[in-house]
Amino acid sequence: MTLGQKIRAGRTAAGLTQQEMAEKLSVSRQAVTKWEADRGIPDVVNLQALAALFGITVDDLLRDDLVSGPGAVTEEIDARSYRVEKPARHRFDAAVRAAFPDADVVQPLVRSKRLRGWRFWLDLLVQPGVVGAHEQLSDFAGFFLVEQRGQQLLVRVTDTTLTRRPPDETFTGRRLVLGDDVLRRAPYRL
């Protein structure tokens, strides 16, 4: 989820129009439009005001993460304390299964990044796949699609946190593209 998408989601979750949010922040409506279209970035003062308005931290607002942002719920966990038992293949699998014992489906997801702009060209210059691999390794987390009582949740697990939120779009096929992130269903379920 890009910063612009997070700003738009936060604004709509707060029930505000672009004009109303602009008035609250003492900026023009065009500035809000520019931010939501990812054609500009709010300055530090406005980032702080946006985070306060949405009830999140500036870090959550800026983090390039699929699961953070408005509507996300984060809880502290210790993923290292979970035992890996079949069908789980990793401690993150076991942590999600324990967090959602009544889920109808817990589907591990494989996340990759679509490389655009300078990242695409750098990847071609260095060696195809190197930049994408670096993106994967710099954010060591497990991603899951949890279906429970007819609702879907996108879940991100690290060694210390479990974050969940409804996905921006319903995950119906084998893959879902959210911004620059591509999520594919893993070949197994929990």
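Refer to the structure above for everything that follows.
Heads up: these notes are all about the structure in this document. Predicted model, so just to flag it, every value in this text is computed and none were measured.

Of all the residues in helix α4 (residues 44-54), the buried ones are Asn46, Leu47, Leu50, Ala51 and Phe54. End-on, the buried residues of α4 take up no more than an arc of 140°, which puts them together on one face. Across from the buried face of α4, at angles greater than 90 degrees, the exposed residues are Val44, Val45 and Ala52. The inward-facing, buried residues of α4 contact α1 (3-13), α2 (18-25), α3 (29-36) and α5 (58-62).

Before going further, it helps to spend a moment on the nonpolar core. In terms of nonpolar packing, the biggest core is built from 18 residues, with Val96, Phe144, Val155 and Val157 touching the most fellow members. Looking at this core, the elements that each hand over two or more residues are α6 (91-99), β3 (142-148) and β4 (151-157). Looking at which element gives the most residues to this core, the answer is α6, with four residues. Apart from residues no more than four positions distant in its own chain, Phe144 is found in contact with Phe92, Asp93, Val96, Val106, Gln107, Pro108, Leu109, Leu153, Leu154, Val155, Val157 and Leu190. Leu16, Met21, Leu25 and Leu61 belong to the second largest nonpolar core, which has 15 residues in total.

For the rest of this paragraph, the subject is the pattern of salt bridges. Under the defined criterion, the tally for this structure stands at six salt bridges. In this structure, the salt-bridge partner of Glu36 is Arg11, at a minimum N-O distance of 2.5 Å. Linking Glu36 in helix α3 with Arg11 in helix α1, this pair joins segments that are 25 residues apart in sequence. In this structure Arg11 comes out as buried when scored by relative accessible area, which is 11%. Between Arg83 and Glu85 there is a salt bridge, with the nearest N and O atoms lying 2.9 Å from each other.

On to the packing of α2 against α4, then. Interaxial distance between α2 and α4 falls to 10 Å at its minimum, and their mutual angle equals 120°. The orientation of α2 relative to α4 falls into the category oblique. In terms of crossing hand, the pair formed by α2 and α4 is right-handed. Where α2 abuts α4, its residues Met21, Lys24 and Leu25 lie against Asn46, Ala49, Leu50, Leu53 and Phe54. A per-class count over the contact of α2 with α4 returns six nonpolar, one polar and one charged.

Cut-offs used in this document
Residues numbered from 1 in each chain as written. Predicted model: local features only at pLDDT ≥ 70, side-chain atom pairs only at ≥ 80, totals over all residues. Heavy atoms only, no water. Buried < 20%, exposed > 50% of the residue type's maximum accessible area, 1.4 Å probe, protein only. Helix = DSSP H or I, 4+ residues; strand = E, 2+ residues; numbered from the N terminus. Arc of directions from axis to C-beta. Contact = heavy atoms within 4.5 Å. Core = buried A, V, L, I, M, F, W, Y, C linked by side-chain atoms within 4.5 Å. Salt bridge = Lys/Arg side-chain N within 4 Å of Asp/Glu carboxyl O. Axes fitted to C-alpha atoms, helices over the stretch in contact; angles between N-to-C directions. Parallel < 35°, antiparallel > 145°, perpendicular 65-115°, else oblique. Left-handed = near helix turned anticlockwise from the far one by under 90°. Nonpolar A, V, L, I, M, F, W, Y, C, P; charged D, E, K, R; others polar.

Note that all results are geometric; they support no functional claim without further evidence.
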